[in-house]
Amino acid sequence: MTTSLTPGTAFPEISVDRLGGGQITTSGFDAPFMTVLNVYRGLHCPRCQRQLGGLLAEMDTLNGLGAKLVAISTDPEDRAAKAAEEWGLGGIDVGYGLSIETARSLGLHISSSIADKETEFFAEPGVFLIGSDGVLWGSVVGASPFMRPDAAQILDALSVIKERSYPARGTVAA
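Anyway, here's the lowdown on the structure attached to this text.

What counts, and at which threshold
- Residues numbered from 1 in each chain as written.
- Predicted model: local features only at pLDDT ≥ 70, side-chain atom pairs only at ≥ 80, totals over all residues.
- Heavy atoms only, no water.
- Helix = DSSP H or I, 4+ residues; strand = E, 2+ residues; numbered from the N terminus.
- Rg over C-alpha atoms; globule rule 2.2 N^0.38 Å.
- Buried < 20%, exposed > 50% of the residue type's maximum accessible area, 1.4 Å probe, protein only.
- Contact = heavy atoms within 4.5 Å.
- Areas by Shrake-Rupley, 256 points an atom, 1.4 Å probe, with all protein chains shown as cover.
- Pairing = 2+ DSSP bridges.
- Axes fitted to C-alpha atoms, helices over the stretch in contact; angles between N-to-C directions.
- Polar contact = N/O pair within 3.5 Å; in protein donor to acceptor, adjacent residues only side chain to side chain.
- Arc of directions from axis to C-beta.
- Right-handed = clockwise from strand over helix to strand, strands pointing away.

What follows concerns the overall build of the protein. Helix and strand counts for the protein stand at 5 helices and 9 strands. In the protein, the succession of helices and strands from N to C terminus is β-β-β-α-α-β-α-β-α-β-β-β-β-α. The C-alpha radius of gyration computed for the protein amounts to 15 Å, which stays within 12% of the reference 16 Å derived for 174 residues, consistent with globular compactness. On the principal axes, the C-alpha backbone points of the protein span a range of 45 × 35 × 30 Å. Here the protein holds 174 residues, and the buried ones make up 47% of them. At a minimum sequence separation of 6, the contacts of the protein that also span at least 24 residues come to 68%. Within the structure as shown, the protein displays about 8600 Å² of accessible surface, and the carbon and sulfur contribution to it stands at 50%.

As structure tokens, then:
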């Protein structure tokens, strides 16, 4: 069962393997202001490539805001490495092997393969804004590859949050 996370609460502790060695853990996020955790669908997804490419093109702006970009997927290591190489993700932490169970616990939707280039099961996209204190500020979770924020929308959100000390919204649990 897919759940949803409540903004204003601690982001769950998760850990995935990092390309190049080691682990990416949410407790290890070290952005001065906010981490943009981008869960992408996998190597097979050109829309993920485009979204991450847009964010990578804005790395100077992200860094200036005190934000760090991290990308993770359910892909195995070989597919994540190929995506990182082909998509030019060398400047960010890329994690792989996010389990389907953990993806569900983050509120992500799960799809099954409809094409040979896809893995059997994978998480649909999600973007999580996690403060330097480990608290979830907000998220956008998609049920398909098509509906997701682009770089301009993410940068606008980060700018407004920082400039206005804008609080997390949607904090009233269902």
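With 2 bridges joining them, strand 1 (residues 15–18) and strand 5 (residues 93–96) adopt antiparallel strand pairing. For Asp17, the partnering residue across the bridge sits in strand 5 and is Tyr96.

This brings us to the sheet that holds strand 8 (residues 126–131). Strand order in the open sheet formed by 7 strands is 2-1-5-4-3-8-9, with mixed pairing between adjacent strands. The strands lining the two open edges of the sheet, one partner per strand, are strand 2 (23–25) and strand 9 (136–141). Averaged over all adjacent pairs, the angle separating strand axes in this sheet is 30°, with direction ignored. Bridging between strand 3 (residues 34–39) and strand 4 (residues 67–72) involves 6 bridges; their strand directions are parallel. Opposite Val39, over in strand 4, you have Ile72 as the bridge partner.

Note on placement: Gln51 falls in helix 1 (residues 46–56). For Gln51, the side chain forms a polar contact with the side chain of Asn38, separated by 3.0 Å.

What follows is about helix 3 (residues 77–87). Taken residue by residue, helix 3 has Arg79, Ala80, Ala83, Ala84 and Trp87 as its buried positions. Burial along helix 3 is one-sided: seen end-on, the buried residues are contained in an arc of 135°. The exposed residues of helix 3 that point more than 90 degrees off its buried face are Asp78 and Glu85. Where the residues of helix 3 are buried, they touch helix 1 and strand 5. Positive phi shows up at Gly88, right after helix 3, with a value of about 70°.

Examined against the element boundaries, Glu124 turns out to sit in the loop between strand 7 (121–123) and strand 8. Side chain to side chain, Glu124 and Arg41 meet in a polar contact 2.7 Å long. Within the structure, Glu124 has its side chain in polar contact with the side chain of Ser111 (distance 2.5 Å). Not counting residues within four places of it along the chain, the set of residues in contact with Glu124 comprises Val39, Arg41, Leu108, His109, Ser111, Gly142, Ala143, Ser144 and Pro145.

Burial within strand 4 is extensive, with 5 of its 6 residues counted as buried. Where strand 4 lies against strand 5, 3 bridges are found, and the strand directions are parallel. Bridged to Ala71 within strand 5 is Val94. For the segment spanning strand 4, helix 3 and strand 5, crossover handedness is right-handed.

Moving on, we get to helix 1. Inspection of helix 1 places Cys48, Gln51, Leu52, Leu55 and Leu56 among the buried residues, and these make up the whole buried set. The buried residues of helix 1 occupy one face: seen down the axis, they fall within an arc of 140°. Turned more than 90 degrees away from the buried face of helix 1 sit Pro46 and Arg50, all of them exposed. Structurally, helix 1 contributes buried residues whose contacts are with strand 3, helix 2 (59–65), strand 4, helix 3, strand 8 and helix 5 (151–164).

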